[in-house]
Every structure is written in structure tokens, then in C-alpha cells.
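# Analysis of the macromolecular model
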Amino acid sequence: MKQKMTAVLLAAVCAAFPLTAFADEKDDRIQELEEQIVEMQQTIDDLQKQLEEVNAGETEAASVVSKDEYGIGETWTVDGQWKLTILSVEETQERNEYSDKNPAAVYFVTYEYENLGYEQDGWNGLYLLIDDGIVDAAGKMGYEYPGDVVDYPQETPVGATCTAQTCIGVETAGDFKIHFSDYDGNGKEQKAVFAVKVSEEN
């Protein structure tokens, strides 16, 4: 009987050891999985942050690309080609006696352009005119007017900047728009609208 009891106890002890070992192994596995979950969550958080930064950059870029109009002092940039800025507008009361036009208002518009990389056969640099596409406050087309312009646009090489002036006439005095378009060095037409507020003259 004593031997039988000893055998039973021995069997119980032997059975207990594997269970304890299994329990310890299970705890270790759970801890390992929890650590992996923490690492995965950190990775997810990092990827989420990167995604938000990319989306923010795309939104900012889209807002620049989709800008409808540029005001005085705002620069329109065509990457790798040019920058164009309307610097100021000034009204003049002088009229050219030899012109057959009788504008209600005449304005001198000073602008600046920088050649960022524009190159074209037959040209010695970038040459931008802004006296086409003038639309006055009443929606009528304006025009180049023979005024006493001081600075004329010049063919400007890559890396250089040109400050130029044009004189325009309109049939309705007040704010006007310049619908600018020109072809870049790759033969692609580039367009922008400049909303010129006469009240902002500087």
C-alpha cells in the first residue's frame, strides 16, 4: 500500500512539472506577443504620421497649382522656366496725341521676370510681354498704349532678372486683369491671371 501511494505521488509530481513548464512558456509567449504588438503599433503610428505629412504636402502643392489669380507683388512660378511678378501700377493723365485711341484711363504697369531655365532656339533668353489679354473693370479688352515707357523688356539669360514696364489703355477706369499666356522652353503653353487693383498702386 505504501509503495502504491508513493507511485501515485511520484506520478502526480511528474505530471505537475510539465504543466508548470508549459505555464512559464505560455507567459513568455504572451509577453513576446505583447512586445510585438507594441512595436507594430509604433510602426503604424510612424506610417500614419508620414502619410499625413505627404497628404499635407500634396494639399499645399495643389493649392499653389490651383491658384486662380495673382495680385500685385505675388509671384507666379513655372518650375524650371520663369518667375513673373507684377510690381506696381500707376495711372497717368498724359495722352499720346498721335494715337487714334481715346482711353478712359492709362496705366503704367511695372513687372519683373526671372529666367529659371528657359531656353529656346532663336532667342537669347526669356522675353515676356504682358500687354496682351488686358480686361478692364467692365469686362472689355484693353490694349497697349503708346506711353512714355522707361524700361523695356529684354531677352534675359538663365539666372538673370529683368524689370520692365508696359503702358496700357482701358475703356473703363479701375481694377483690371491681365490674362497672360506664353509657351515655355518645352513648347507647353503656360497661363496665369493677374488681378491688378489700382487702389494697391505702390
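The following paragraphs examine the structure supplied in this document. (Residues numbered from 1 in each chain as written. Predicted model: local features only at pLDDT ≥ 70, side-chain atom pairs only at ≥ 80, totals over all residues. Heavy atoms only, no water.)

What follows deals with the pattern of salt bridges. Evaluated as defined, the whole model comprises 2 salt bridges. Among the ionic pairs, Lys 177 bridges to Glu 69, the shortest N-O distance being 2.5 Å. Highlighted residues: Lys 177 in strand 7 (residues 176-183) and Glu 69 in the loop between helix 1 (2-65) and strand 1 (75-78), separated in sequence by 108 residues. Among the ionic pairs, Lys 197 bridges to Asp 175, the shortest N-O distance being 3.9 Å. With Lys 197 in the segment after strand 8 (189-196) and Asp 175 in the loop between strand 6 (161-170) and strand 7, this residue pair connects regions lying 22 residues apart in the sequence. Judged by relative accessible area, Asp 175 falls into the partly exposed class, the value being 33%. (Salt bridge = Lys/Arg side-chain N within 4 Å of Asp/Glu carboxyl O. Helix = DSSP H or I, 4+ residues; strand = E, 2+ residues; numbered from the N terminus. Buried < 20%, exposed > 50% of the residue type's maximum accessible area, 1.4 Å probe, protein only.)

Another point: the pairing of strand 3 (residues 105-115). Counting buried positions along strand 3 yields 9 of 11 residues, so the element is predominantly enclosed. In this structure, strand 2 (residues 82-92) lies alongside strand 3, joined through 10 bridges in antiparallel fashion. Bridge pairing links Glu 90 to Phe 108 in strand 3. In the sheet, strand 3 pairs with strand 6 via 10 bridges, with the strands oriented antiparallel. If you follow Phe 108 over to strand 6, its bridge partner there is Cys 167. (Pairing = 2+ DSSP bridges.)

Another aspect to go through is the sheet that holds strand 8. With antiparallel pairing, 3 strands are arranged side by side in an open sheet as 4-7-8. Looking along the sheet, the strands with just one partner apiece sit at the ends: strand 4 (134-135) and strand 8. The pairing of strand 7 with strand 8 spans 8 bridges and is classified as antiparallel. Looking across to strand 8, one finds that Phe 180 is bridged to Ala 192.

What follows is about the environment of Phe 180. Its location among the elements puts Phe 180 in strand 7. Taking the C-alpha atoms as reference points, Phe 180 and Asp 131, 49 residues apart in sequence, are found 8.5 Å from one another. The residues touching Phe 180, leaving out its near neighbours within four places in the chain, are Trp 76, Trp 82, Leu 84, Leu 128, Leu 129, Ile 130, Gln 190, Lys 191, Ala 192 and Phe 194. (Contact = heavy atoms within 4.5 Å.)

Here we take up the pairing of strand 6. With 8 of its 10 residues buried, strand 6 lies for the most part within the structure. Bridge analysis of strand 5 (residues 143-144) against strand 6 gives 2 bridges, and the strand direction is antiparallel. Across the sheet, the residue bridging to Tyr 143 is Gly 169, located in strand 6.

Quick look at the packing of aromatic side chains now. Scanning all chains against the criterion turns up 8 aromatic pairs. Ring geometry for Trp 76 against Trp 82: centres 5.9 Å apart, planes inclined by 70 degrees, an arrangement best described as edge-to-face. Grouping residues by exposure puts Trp 76 and Trp 82 together as buried. Note on Tyr 111 and Tyr 113: the rings are 6.1 Å apart at their centroids and 25 degrees apart in plane angle, and the pair reads as stacked. Assigned by exposure class, Tyr 111 and Tyr 113 land together as buried. Members of the aromatic cluster, connected to one another through ring pairs, are Tyr 70, Trp 76, Trp 82, Tyr 118, Phe 180 and Phe 194. (Phe/Tyr/Trp six-rings, centres within 6.5 Å; stacked < 30°, edge-to-face > 60°.)

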